[in-house]
Structure formats: structure tokens, C-alpha cells
Amino acid sequence: MVRFFTFSLYIITLFTCINLPESIASDKLAISAKIANIRSGPGIKHEILWKAEKFYPVLILNKKGTWCQFKDFENDTGWIHNSLLARIKAAVVIKEKCNIRSGPSTKNKVVFTAGKGVPFRVILRKGNWIKVEHVSGDQGWIYKTLVKLYY
């Protein structure tokens, strides 16, 4: 009986996974282009809502052809062409003003500051600190509670 139940559960799980619609995704991705247009719908004829820079992280909600609907760290939604996305370890600043330091400690020098919504590529984690890189190439360390991670 246990063997039959396990096999049945396996078949149900396999069937469910195979038959999930392409529109249900939940992938954590980031923008791979220097600048990307975020649109109101799936296509270039739809209005541009805003522009986002490289490393801007998104959570995919839906897919329609080559277009992906997503939500961002503030739960704003938009559409982007899938060619502008990649699987990048990313983070976005969630506080108004944050110090980016030369090392993983508050004793290290502040090398630059970043405001809410600034995206970064995650290079390394060390305890509660994250080494990040901005699209400009600037690198430094930020405390983990100051960002939302996507990976």
C-alpha cells in the first residue's frame, strides 16, 4: 500500500509539473542590458512605463511569447522582452540612503552611497555583508538589511 501511495504521489507530481502553464513562472532574474524599457503590456506598441538599468532585479509572474510580466521590489509590475533578462545574482537598495564601504564592516571607509531602487550585481557574501557591483563598475560592501536579494 505504501509503495502504491508513493508511486501515485510521484505520478501526480510529475503530471502537475508537466502541465503547469508557461505563464506561471516565479523566476528571479535581472536586467542584463545597460538600460531597458519597462512596458505596460507584452509588445513594443505598449506604453513605456519607466526605464530600468542593468542588474535591476525582477520576479517573473507571467510569460506571453517572448515577453515577461514581472513585479519588482516595490510590487510594481511591468513587461520586458526576455532577451533583456538573465539569471544574475542581484540586489536592490530598499532604504533611502545607504553607505557602500570598502570592506565588510562599519569600520571600513565609505566609498560611495546609494539610494532606494539602485540595483547591484552580487559578487560575494561574507556573514551579514554583501559585496556588490554597480553598472558603473563601482564595487563595495553593503549590509544585508539594506537590500533585497534576488537569487
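The structure presented is a predicted model; accordingly, all values stated were derived computationally and were not measured.

On average, residues of the chain score 88 in pLDDT, and 83% of them are at 70 or above. Of the regions scoring below 50 in pLDDT, residues 4-24 engages in six contacts with residues more than four places distant in sequence or in other chains.

What follows deals with the packing of aromatic side chains. Counting across every chain of the model gives four aromatic pairs. With centroids separated by 6.4 Å and ring planes inclined at 70°, the aromatic side chains of Y56 and F73 adopt a geometry described as edge-to-face. Placement of the pair is Y56 in the loop between β3 (48-53) and β4 (57-64) and F73 in the loop between β5 (67-71) and β6 (77-81), with a sequence separation of 17 residues. A residue is classified by how much of its surface remains accessible, and F73, at 14% relative accessible area, is buried. Lying over the aromatic face of Y151, K89 brings its terminal NZ or CZ to 5.3 Å of the ring centre.

Before going further, it helps to spend a moment on the pairing of strand β13 (residues 139-143). One ladder, built from five bridges, connects strand β12 (residues 129-133) with β13; its direction is antiparallel. What sits directly across from E133, in β13, is Q139.

Counted according to the given criterion, the structure contains three salt bridges. The salt bridge involving R87 is made with D27; its shortest N-O contact spans 3.8 Å. Residue R87 is located in the loop between β7 (85-86) and β8 (90-93), and its partner D27 is located in the loop between α1 (2-18) and β1 (28-31); the two are separated by 60 residues in the primary sequence. For R121, the salt bridge identified is with E133, shortest N-O distance 2.6 Å.

The phi angle at F55 is positive, at roughly 80°, despite the residue not being glycine. Residue placement: F55 occurs in the loop between β3 and β4. Although it is not a glycine, N75 adopts a positive phi angle of roughly 70°. Relative accessible area serves as the criterion here: at 52%, N75 is assigned to the exposed category.

What counts as what
- Residues numbered from 1 in each chain as written.
- Predicted model: local features only at pLDDT ≥ 70, side-chain atom pairs only at ≥ 80, totals over all residues.
- Heavy atoms only, no water.
- pLDDT = per-residue confidence, 0-100.
- Contact = heavy atoms within 4.5 Å.
- Phe/Tyr/Trp six-rings, centres within 6.5 Å; stacked < 30°, edge-to-face > 60°.
- Helix = DSSP H or I, 4+ residues; strand = E, 2+ residues; numbered from the N terminus.
- Buried < 20%, exposed > 50% of the residue type's maximum accessible area, 1.4 Å probe, protein only.
- Lys NZ or Arg CZ within 6 Å of the ring centre and 35° of its normal.
- Pairing = 2+ DSSP bridges.
- Salt bridge = Lys/Arg side-chain N within 4 Å of Asp/Glu carboxyl O.

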